[in-house]
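Per-entry structural report
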Amino acid sequence: MLAEHSVGDPFADAFRHTRMPMIITDPAQQDNPIIFSNAAFSKLTGYGQDELIGRNCRILQGPDTDPDSVTAIRHAIAAEESISVDLLNYRKNGTTFWNALFVSPVRSASGEVRYFFASQLDFTHIKNREVDLAAARTKAESEVARRTAQLEHALEAKTVLVHEVDHRVKNNLHSVASLLKLKSRMSESSVAKAALASVLERIEAISTVQRKLFTTDDVANFDVAAFARDIAVDMVGASGRKDVKLDLQLFPVVIPAPKASPLALIVNELIGDAMRRGLRDGGGTISVMVKRLNGHFVIEVSDDVEPVPVDPEEDGFSRIVLEASARQLDASIDRKQHGRKTTVRVQLPVK
Amino acid sequence: MNILIVEDEVLLAMELESELEAAGHSILGVAMSRGDAFAIVEATRPDFAFVDIHLKDGPSGVDVGRRLASIGVPYVFMTGNLKRIPDDFAGAIGAIEKPYSVNGFRHALSYLVKRVRGDLADTVAPPSLVLPVQPSEQEGSAVMDVWKTRA
């Protein structure tokens, strides 16, 4: 073989001098022995060329070499096919390396397989990096798990606290209402009773916000329409006036918690005002509309009760509460009256 | 009706008492814990009960409720947190959410009285009374006669 390819032959020179380890085997001889190896192969494996010629390349295999990979190579050679396979190989000194092996048949002009050519590539460093990467990932995962547990614990504690605070706020609001009611019951004067009842009504509007705020899934939001329905239905229901009808046009309008109390006061004033005027007469229909319109929220209460003079003090108080709440929300108030029909429209920007 | 109040907030219990008496009922007693409630129920039989979930000895209102249900006493829960109520409402007719309004309470009370007496006729439960099976939310326009049954 060496005689065929003398020094000066570019192919032979390339084979001899390349940095890539390579060998050639002869399947015509028994056990397909190595008939040529290059310096790079010797450098990789620690075997000198004289120790390799005539031997099968299974000398590179050892106890930890995967038998399935070896079987695959054997089948490929028997089938006269190329194969690429990664396997663990052993040097002469017993140390191991990971070998990206490529074996392919070399055919003569007539198509017979004359030789087998094999190149080797030591990718141990890459393999090590894989192991390091896996170890790093495991470490990262356990750190993430630890932090997640910490956060879950903190969230749980925070949730418990939120529940506690909510419970306390509700109790306090209820206590405030109870005090007002108690004082009112104990008051002889109807003026005092009326004054306390008037304040109580507004405090109840704020209390209702607290009730409706928490029971939705998202603590920070509030459905104005649901609130309006509750207030309207309870007001009419408690009045016992069967001649007061409710026309509800309510579409879900969800607002952030900070706007809830002023908005609840607004709804309470509008509906309360209609009820107060309606209670003095033969009833009528109170229409309540809550909806979104072009980047605004609209709350409109109209009624067709006979417009009667209301108590000026109560009316004055109601207007102040309404105007203050509207100013809080940058809302506009528009009041119209045509004969029996009174319409009050409050509009506020969505943002 | 002779009514049992199970509530650990004194001001609230006082107010509830006054409200019920003003509506023509009499108060059998006020219990602040499960133990007190059981004792009263042993000695006398209420016609109705208002049961707060959170009592002096913890969230034991549900236990009181179950006892009342087992002896056939109609009752409602009063609570700031509906989630504390088991799915079956432990046999309660419903629950009133705290803090409740005067209107809301009176509306619920008139419904409850009718229900206990068995003459509900056209009456619909008010929004202030949460029932075990909730009707679907009403959206859009609806002329509502509060006194008529929902379709």
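Structure report, in brief. Note that the structure is a prediction, hence the values are computed from the model and not measured.

**As for the interface of chain B and chain A**
- In this complex, chain B contributes 35 residues to the contact, which on the side of chain A involves 38 residues.
- Where chain B touches chain A, the interface holds 2 salt bridges.
- The salt bridge involving A:R185 is made with B:E15; its shortest N-O contact spans 2.6 Å.
- Between chain B and chain A we count 9 residue pairs in polar contact (both at pLDDT 80 or more) in total.
- Put simply, the parts of the chain that give the side of chain B that touches chain A at least two residues each are α1 (10-22), α4 (102-117) and β7 (140-144) of chain B.
- A per-element tally of the side of chain B that touches chain A places α1(B) first, with 7 residues.

**Some points on the environment of A:R292**
All names here are of chain A.
- Structurally, R292 can be placed in strand β9 (residues 284-293).
- On the basis of relative accessibility, which here comes to 51%, the residue R292 falls in the exposed class.
- A sequence separation of 38 residues divides R292 from V254, and the C-alpha atoms of the two residues are 9.7 Å apart.
- If we skip the residues at most four places from it in the chain, R292 touches V253, F297 and V350.

**Side note on the sheet that holds strand β3 (residues 83-90) of chain A**
All names here are of chain A.
- The strand order across the open sheet built from 5 strands is β2-β1-β5-β4-β3, with neighbouring strands paired in antiparallel fashion. Taken across any chain shown, the strands that pair with only one partner, and hence form the sheet edges, are β2 (34-37) and β3. Adjacent strand axes in the sheet meet at a mean angle of 30 degrees, parallel and antiparallel pairs treated alike.
- Of the strand pairs in this sheet, strand β1 (residues 22-25) and β2 are connected by 3 bridges, and their pairing is antiparallel. Among the inter-strand pairings, T25 is bridged to a residue of β2, identified as I34.

**Brief notes about empty space enclosed by the protein**
Residues and elements named next belong to chain A.
- Overall, the coordinates contain 5 cavities of 30 Å³ or more when judged by the stated rule.
- In this structure, the largest cavity occupies an estimated 90 Å³ of space.
- In terms of residues, the lining of the largest cavity owes the most to one element, helix α5 (residues 124-186), which gives 3 residues.
- When the residues that make up the lining of the largest cavity are grouped by side-chain class, the tally is 1 nonpolar, 6 polar and 4 charged.
- Residue lining of the second largest cavity: E269, L270, D273, D315, S318, R319, L322, R335 and V344, and that is the complete set.

**Description of the packing of α1(B) against α4(B)**
Residues and elements named next belong to chain B.
- For the pair α1 and α4, the least separation of the axes is 12 Å and the interaxial angle reads 50 degrees. Looking at the two axes, α1 sits oblique to α4. As for the relative orientation of α1 and α4, their crossing is right-handed in sense. On the side of α1, the interface is formed by L16, E19 and L20, while α4 contributes F105, R106 and L109.
- Tallied by class, residues from the contact of α1 with α4 come to 4 nonpolar, no polar and 2 charged.

**With respect to the sheet that holds strand β1 (residues 2-6) of chain B**
All names here are of chain B.
- A sheet is described by the order of its strands in space; here 6 strands give the open sequence β2-β1-β3-β4-β5-β6, paired in mixed fashion. A single partner strand is all that each edge strand has here, and the edge strands are β2 (26-31) and β6 (129-130).
- Relative to strand β3 (residues 48-52), β1 runs parallel, the two sharing 4 bridges. Residue pairing for β3: I3 is matched across the bridge by F48.
- Where helix α2 (residues 34-43) meets the sheet, its contacts fall on β1 and β2, and the angle it forms with β2 comes to roughly 140 degrees.

Cut-offs and rules
Residues numbered from 1 in each chain as written. Chains lettered and ligands numbered in written order. Predicted model: local features only at pLDDT ≥ 70, side-chain atom pairs only at ≥ 80, totals over all residues. Heavy atoms only, no water. Contact = heavy atoms within 4.5 Å. Salt bridge = Lys/Arg side-chain N within 4 Å of Asp/Glu carboxyl O. Polar contact = N/O pair within 3.5 Å; in protein donor to acceptor, adjacent residues only side chain to side chain. Helix = DSSP H or I, 4+ residues; strand = E, 2+ residues; numbered from the N terminus. Buried < 20%, exposed > 50% of the residue type's maximum accessible area, 1.4 Å probe, protein only. Pairing = 2+ DSSP bridges. Axes fitted to C-alpha atoms, helices over the stretch in contact; angles between N-to-C directions. 1 Å grid on protein atoms, 1.4 Å probe; cavity = no way out; pocket = protein on both sides within 12 Å on 5 of 7 lines; lining within 4 Å. Points joined across faces, edges and corners; volume = space filled by probe spheres on them. Nonpolar A, V, L, I, M, F, W, Y, C, P; charged D, E, K, R; others polar. Parallel < 35°, antiparallel > 145°, perpendicular 65-115°, else oblique. Left-handed = near helix turned anticlockwise from the far one by under 90°.

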